[in-house]
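A structural walkthrough
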Amino acid sequence: MALATGLVLSLSSCGGGGGLFGKGTLTAEQRAERDAAAAAHRDGTTKAGAQTSIWSLFKKSDDPNTTVEVNKYIWQASLEVLNFLPIESVDPFTGVIVTGYGRPPGGGRAYRATIYVQDPALDARSLKVALQGQGGGSVAPETVRAVEDAILTRARQLRVRDSKL
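Only a predicted model underlies this, so the values are computations on that prediction, with no experimental measurement involved.

Structural notes on the sheet that holds strand β2 (residues 96–99)
Pairing is antiparallel in the open sheet, where four strands are placed in the order β1-β2-β3-β4. In this open sheet, the two edge strands, each paired with only one partner strand, are β1 (87–91) and β4 (127–133). The average undirected angle you get between the axes of adjacent strands in this sheet is 10°. As judged from the seven bridges shared by strand β3 (residues 111–117) and β4, these two strands associate in the antiparallel manner. Looking across to β4, one finds that Y116 is bridged to K128. Each of β1, β2, β3 and β4 touches helix α3 (residues 72–81); the most contacted strand, β2, lies at about 5° to it.

Structure, rendered in structure tokens:
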């Protein structure tokens, strides 16, 4: 009988409801905070919404736009400006476009490019372009700057066109 009583008392103290004798009862506000903390723990998120566990990466997100953080105009402009280069891989979730070697119209030297769109803003800091000449040769910084400028100019044109719709 003493063992059973000890077991009941020890288990009742784990319930969070204040034990057998009602000690430590929670107010409605404290219960709401406790429930919110328990839900956040189950979801793997903190109050700020940051993911805290590896399993939360595999859960379906309510808003698919929260994972994609690239500027759509820079993305489209990159594909249009460098359309003479064959695309090897594209990953819109990380913002990386990798092309194969190709020759620009009217140019003699073959290039390949890696484009990284790293921010949703339509801004020069959102775009990084790396060019490589055939055989691994380096490309002049002026050429890289000219390609970046052409992409940003086309991106602004696309944005203006969309705003007129």
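Details of helix α4 (residues 141–163)
The first and last C-alpha atoms of α4 sit 33 Å apart over 23 residues, in line with the 33 Å expected at 1.5 Å per residue. Listed as buried for α4 are V144, V147, E148, I151, L152, A155 and L158. Along its buried surface, α4 packs onto α3 and β4.

A word on the nonpolar core
Core analysis: the biggest nonpolar cluster contains 22 residues, and I115, L127, V129 and I151 have the highest contact counts within it. Within the residue set of this core, elements represented by two or more residues are α3, β3, β4 and α4. Here this core gets six residues from one element, more than from any other, and that element is α4.

Regarding the side chain of S78
Tracing the sequence through the fold places S78 in helix α3. S78 sits in the buried class, given a relative accessible area of 2%. Those residues in contact with S78 that sit more than four places away from it in its chain are I97, I115, L127 and I151.

Concerning the pattern of salt bridges
Scanning the entire structure with this criterion turns up two salt bridges. The partner of D123 in a salt bridge is R125, with the nearest N and O atoms 3.5 Å apart.

Rules used throughout
- Residues numbered from 1 in each chain as written.
- Predicted model: local features only at pLDDT ≥ 70, side-chain atom pairs only at ≥ 80, totals over all residues.
- Heavy atoms only, no water.
- Pairing = 2+ DSSP bridges.
- Helix = DSSP H or I, 4+ residues; strand = E, 2+ residues; numbered from the N terminus.
- Axes fitted to C-alpha atoms, helices over the stretch in contact; angles between N-to-C directions.
- Contact = heavy atoms within 4.5 Å.
- Expected span 1.5 Å × (residues − 1).
- Buried < 20%, exposed > 50% of the residue type's maximum accessible area, 1.4 Å probe, protein only.
- Core = buried A, V, L, I, M, F, W, Y, C linked by side-chain atoms within 4.5 Å.
- Salt bridge = Lys/Arg side-chain N within 4 Å of Asp/Glu carboxyl O.

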